[in-house]
Amino acid sequence: MTRENDPFRIPRAGWEVAPMAGFASVDLNANGGAFSGGEFISERTVGGVLTYAIYQALLTALRTEALRKRGEINRGTQLKLILSTSLETAKTGVAVGAVLSVLLLVFPWLAFPLSVLGVVGAGKASIDLFHAFWDGLDEDQKLRVTVAAHEAGISLAGFFRGEGDGIGMAARG
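A brief report on the enclosed structure follows.

Conventions adopted
- Residues numbered from 1 in each chain as written.
- Predicted model: local features only at pLDDT ≥ 70, side-chain atom pairs only at ≥ 80, totals over all residues.
- Heavy atoms only, no water.
- Helix = DSSP H or I, 4+ residues; strand = E, 2+ residues; numbered from the N terminus.
- Expected span 1.5 Å × (residues − 1).
- Buried < 20%, exposed > 50% of the residue type's maximum accessible area, 1.4 Å probe, protein only.
- Polar contact = N/O pair within 3.5 Å; in protein donor to acceptor, adjacent residues only side chain to side chain.
- Core = buried A, V, L, I, M, F, W, Y, C linked by side-chain atoms within 4.5 Å.
- Contact = heavy atoms within 4.5 Å.
- Phe/Tyr/Trp six-rings, centres within 6.5 Å; stacked < 30°, edge-to-face > 60°.

### Describing helix α3 (residues 75-106)
In step 1: The end-to-end C-alpha distance of α3 is 46 Å, a good match for the 46 Å that 32 residues give at a rise of 1.5 Å each.
In step 2: For α3, the set of buried residues is Q78, I82, T85, S86, T89, A90, G93, V96, G97, L100, S101 and L104.
In step 3: Measuring from the side-chain oxygen of the N-cap residue of α3 to the backbone nitrogen of G76 gives 3.2 Å; that N-cap residue is N74.

### With respect to the nonpolar core
In step 1: Ranked by internal contacts, the top residues of the largest apolar core, which has 14 residues, are A13, V17, Y52, Y55 and V96.
In step 2: Of all the secondary structure elements, the ones that give two or more residues to this core are α1 (18-23), α2 (37-69), α3 and α4 (111-135).
In step 3: In terms of residues, this core owes the most to one element, α2, which gives four residues.
In step 4: Leave out the neighbours within four places in its chain, and V96 touches A18, A21 and Y52.

### Looking at the packing of aromatic side chains
In step 1: This structure, assessed with the given rule, holds three aromatic pairs.
In step 2: A connected cluster of aromatic rings, assembled from ring pairs, spans F130, F133 and W134.

Here is the structure:
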C-alpha cells in the first residue's frame, strides 16, 4: 500500500468503501426496512451513495485543510472542492450500491464474505483518513500529536512506513 504525499492531489474513494456501501441502508419510508426487491435495492442504493459521498467529503476536507492553512486556497474554494468531489464520487456510490444490493438480494450468502471485505476496507479507509488528517496539520500540531502518542506508548512511525501496528515498545511491555 503506497501513500500519496502530493498535497495537491485529492484522494478518491475506491474499493475500500464498496463493502460498507453495499451494507449501508437508509430507511426511506420509515417502515423498519424490508427484504422485498424494490425497497431493498432502493434503500441500499441510497445508503451506498451516502457512504461514498460522506467518505469522499471527509477525505477532501482533511486533505484541503492543509492547502487552506497555507493560504493556497480559500474557504470557498475548499467547500467547492468538497462538494464537487463528493458529488462526483456519489455516482460511483449509485453503481456500487445498486449492484451490491442486487447481488445480496439474489445471493444472500454473499453477506459473510462481503462483511469480511468490509473489515479490510474499513481498515484501509481509516488509514487513508488518518493520512489526510495528518497532512492537514501544521508542524507544531504534528509535533504535539507525536509527543502525545509517544507518552501513550504509541509509535506513529509505523503508520507512515506502512509497517507494524503502530504500537511502540513501551506499550508492548
